[in-house]
Amino acid sequence: MVLLLEREACLQELAAAWQAAAAGAGRIALVSGEAGLGKTTLVEHFARGLPPATRVLWGASDALFTPRPLGPLHDMAAQLGGGWPDRLSADSNRTTLFGAFLAELQQRPALVVFEDVHWADEPTLDLLRYAGRRISRTQALLVLTYRDDELGPRHPLRLVLGDLVTLPAARRIPLPPLSESAVRALVGERRLDSADLYRQTGGNPFFVGEVLSSGGSGIPATVREAVLARAARLTEAGQALLAAAAVCGLRIEPALLVEVAGADAQAADECLAAGILLPQGDLLAFRHELIRQTVLASLSPQRRQTLHQSVLKALRAGPDSSVDLARLAHHAEGAGDREAVLAYAPAAARQASGANAHRAAADLYALALRYADDLPPAERAQLLGAYADECNSIDQRAEGLAARQQALTLWQALGDPLKQGECLANMAFLLNGLGRTTEAQQVCRQALELLEAHSPGRELALAYRVKSGLHMLTQDYRAAIEWGEKAIALAEPARARHLVLAARNTIGSSWAHLDFAQGCQYLEDNLAAAHEAGFYTLAAHAYANLSSVSSELYRFPQAEAYARDGLAYAAEYGLERFRLYILAWQAVTHLRLGRWREAAETAALVLQRPSVSVTSRVTALAALGCVYARQGEAEAGWAALDEALELARHTTSLHRTALVRAARAEAAWLGGDGERAREEANAVFEAAVTKQHAWFAGELAYWRWRAGADGERYGWLAAPYALQVAGDWRAAAEAWERLGCAYERARALAEGGAAAQVTALEIFERLGARPAADTLRAALKAAGAARLPRQPRASTRENPFGLTHRQLDILALLMAGLTNVEIAKRLQISPKTADHHVSAILERLSVHSREAAAELARRHPHFGGQV
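Considerations on the environment of Tyr721
Next up, step 1: Locating Tyr721 in the fold gives a position in helix H37 (residues 719–725).
Next up, step 2: Between the C-alpha atoms of Tyr721 and Ala694, which are 27 residues apart in sequence, the distance is 9.3 Å.
Next up, step 3: Not counting chain neighbours up to four residues away, the residues in contact with Tyr721 comprise Tyr554, Trp695, Gly698, Glu699, Tyr702, Trp736 and Arg747.

What follows is the structure, given as structure tokens:
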């Protein structure tokens, strides 16, 4: 009863979503709030109100050191029946598994609850992405509960929520704390100061309920005292069982609990009667995770370790000891059992990697390495290499590089030249991903010198493949093809199929720059071959190359199609590195096509990951900085572009340097600094000309020309830029229009006659291109033009993002996490007015969600942020 006070609106939201789902238009309900607000109780109450025959599927993620892959789906397997337990234990292909789950949701109306997804493993998050994108074609209400106060900047759930909240089928249901009047009603006739209770608990229903359940003899300073006061009423056997349950986990098998605690069923009944444990199907569960955490924290380190040892022993003797390796590794660490950690953590890591749970695999390898100091050097080096591979997959290349460096030292001490060369080649690959191209080239040369002195094999094939990739990234495409073919010639006899496919990815990407259609077909064929062979990382890499090359060469229909398919593929197989890389180039595509809202929002998705690779971060920063510059947010634009330049200074790749310098030249020009615009363009213009990159050289030539330099007449420059430099604004505008580049078309039209300039002004105003619009409007007025498009109020345009003063106040409250109702109360306006203001802010900031708006605002200097 406590937790259901003031929850009528939330229940109405769930009821409306259920009605739509039952009618064939599936819905997602995102139930969020801090620990203790009653998310589970709310959903349980709603589920009890559904018709008795309603299908309800319920699964939860556990707070293990490393969650088991697809844990909630395992919980649902028994409820689903029909061979689902066998299907999961058989390690089915993930695509088949996800498709089968979706088919279950399409059969009849169902309430499907994924509880505590802030603890979800990567495969579960991928399942939620997969089902979420298709939920509208089912009869299911998919309910996700999570603690929004535990989602830090690097939390993987943030990215999933960023995808889901934009879906029409999604409904956000944030749970607020109880009001002071609600706390007063709960206190009732008790001799407690309700105002003091409200202040101490902040209206958290769990805290309030626990204090009241403790008997009300004084107000505990923390919920810990309330929980332990209730536990203290148990018998000694009950307390022993509760301690064992806290170590076992949030959900516990009764037989395991009895064995570990050495207690009988009566002790379990006592904990159930006290309301600390609850029955949940065939399992027992804590009423709330906070209770478990409080009990766990109250145990001495020695007792926790002893209980972990008992749990580990019991699990090892059980029938599932070879299946739930992650759970065994969790308890092995808690037990301080080095041998058990080294037995289970690497095996669990390999199992997780095979299930495409690469983040979990990296964590498990890291766990093993903490206990691996005394391993034989070769074994430790192999563990370090496996950990580095997983770090590379999840875009934590700095950590991967550090692991490879440690492994190299071990291989050097062992005097193994082949392993040293292999390690150096992998280091070069990681260095390049970190934007350290010069170092990568040096390390690759060391690998080649070492390996070419020995019989050729797969290690040398790897080094040749890395050498090929370095040539491709410095626009030496024919050399890249030559080295790639050398890699294949060695890899095929060595039966190193993955190296053959990796080299072909590089060859195809290089050919795409020389012959776009041929290169794309080559890459598509290789993508299919990699997928068929089960090399999902290489297939995702092919998608990343296809989407980025297409965007780079202004082939936007292809870029959008490859990005769409590639993002879905990378998400499905848990390959975060490629997902972020594709997103970064997708932001560039959005920028070029005049979709600045999408560009800013997509770039923010990349930049909110502090560990994202330099290659992806530079691309996203260049896109975001250019959006800011075009919108007149000069300070924010330069902050982004300065960081991008600093990150790109160690690379010679035009993919980074030309992209950043062109954006900086544009920002300088829009700021009225022609000399700086020319300097920025000159910085890499000769390099772009030397490589004959038509689009990079064309854009840089355009900015040089705008800044007063003579127009270049290279016949190979990209046509739209060449036409503008040659003074043919009309043909240039038509070329830009065919490409779908509205802003670039308007720039060309602005060089024409009065009618063309008015059209350009209309485009600039529609896009929100403030500096370009101001300059052109002034020129038209000076020429005596009349009936110009209306411009925004001056007071609004002086504010960050072009917001009104009231909207700035509301944006600050959004950053503080307030709901629309809370904003209305704070500013003494109606909730409907607050809704309108928030919608206008999202529109103006070119984002789709409150979270994205807050993220952009935090990065703006006006709010004290830094990009």
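Observations concerning the sheet that holds strand S6 (residues 251–252)
Hydrogen bonds along the backbone pair up the strands of a sheet, which may run parallel or antiparallel.
Next up, step 1: As summarised here, the arrangement of the three strands in space is S6-S8-S7, forming an open sheet in which the pairing is antiparallel. The sheet is open, and its two edges are formed by S6 and strand S7 (277–280), each paired on a single side.
Next up, step 2: Where S7 lies against strand S8 (residues 283–286), four bridges are found, and the strand directions are antiparallel. Across the sheet, residue Gln280 finds its bridge partner in S8, namely Leu283.
Next up, step 3: This element, helix H14 (residues 265–273), spans S7 and S8 of the sheet and lies at about 105° to S7.

Things to note about the packing of aromatic side chains
Next up, step 1: Tallied over the full model, the rule gives 19 aromatic pairs.
Next up, step 2: With 6.2 Å between their ring centres and 85° between their planes, Phe101 and Phe114 make a pair best called edge-to-face. Remark: Phe114 occurs in strand S3 (residues 110–115) and Phe101 occurs in helix H5 (residues 94–105); sequence separation between them is 13 residues.
Next up, step 3: Residue classification places Phe114 among the buried positions, given a relative accessible area of 1%.
Next up, step 4: Members of the aromatic cluster, each reached through a chain of ring pairs, are Tyr554, Phe556, Trp669, Trp695, Tyr702, Trp703, Trp705, Tyr721 and Trp736.
Next up, step 5: One cation-aromatic arrangement involves Arg704 over Phe685; the distance from NZ or CZ to the ring centre is 4.3 Å.

With respect to the packing of helix H6 (residues 122–134) against helix H7 (residues 156–164)
Next up, step 1: Two elements in contact, H6 and H7, have axes separated by 10 Å at closest approach and are oriented at 0°. One element, H6, and the other, H7, form an angle in the roughly parallel class. Counting all contacts with H6, which are made through Leu125, Leu128, Arg129 and Gly132, the residues of H7 involved are Pro156, Leu157, Leu159, Val160, Asp163 and Leu164.
Next up, step 2: Its residues assigned to classes, the contact of H6 with H7 comprises seven nonpolar, one polar and two charged.

Some points on the environment of Ser839
Next up, step 1: Considering the arrangement of structural elements, one finds Ser839 in helix H45 (residues 831–845).
Next up, step 2: Here Ser839 falls in the partly exposed class, since its relative accessible area comes to 47%.
Next up, step 3: In sequence terms Ser839 and Ala648 are 191 residues apart; their C-alpha atoms lie 36 Å from each other.

Definitions and cut-offs
- Residues numbered from 1 in each chain as written.
- Predicted model: local features only at pLDDT ≥ 70, side-chain atom pairs only at ≥ 80, totals over all residues.
- Heavy atoms only, no water.
- Helix = DSSP H or I, 4+ residues; strand = E, 2+ residues; numbered from the N terminus.
- Contact = heavy atoms within 4.5 Å.
- Pairing = 2+ DSSP bridges.
- Axes fitted to C-alpha atoms, helices over the stretch in contact; angles between N-to-C directions.
- Phe/Tyr/Trp six-rings, centres within 6.5 Å; stacked < 30°, edge-to-face > 60°.
- Buried < 20%, exposed > 50% of the residue type's maximum accessible area, 1.4 Å probe, protein only.
- Lys NZ or Arg CZ within 6 Å of the ring centre and 35° of its normal.
- Parallel < 35°, antiparallel > 145°, perpendicular 65-115°, else oblique.
- Nonpolar A, V, L, I, M, F, W, Y, C, P; charged D, E, K, R; others polar.

Keep in mind these numbers describe shape, not what the thing actually does.
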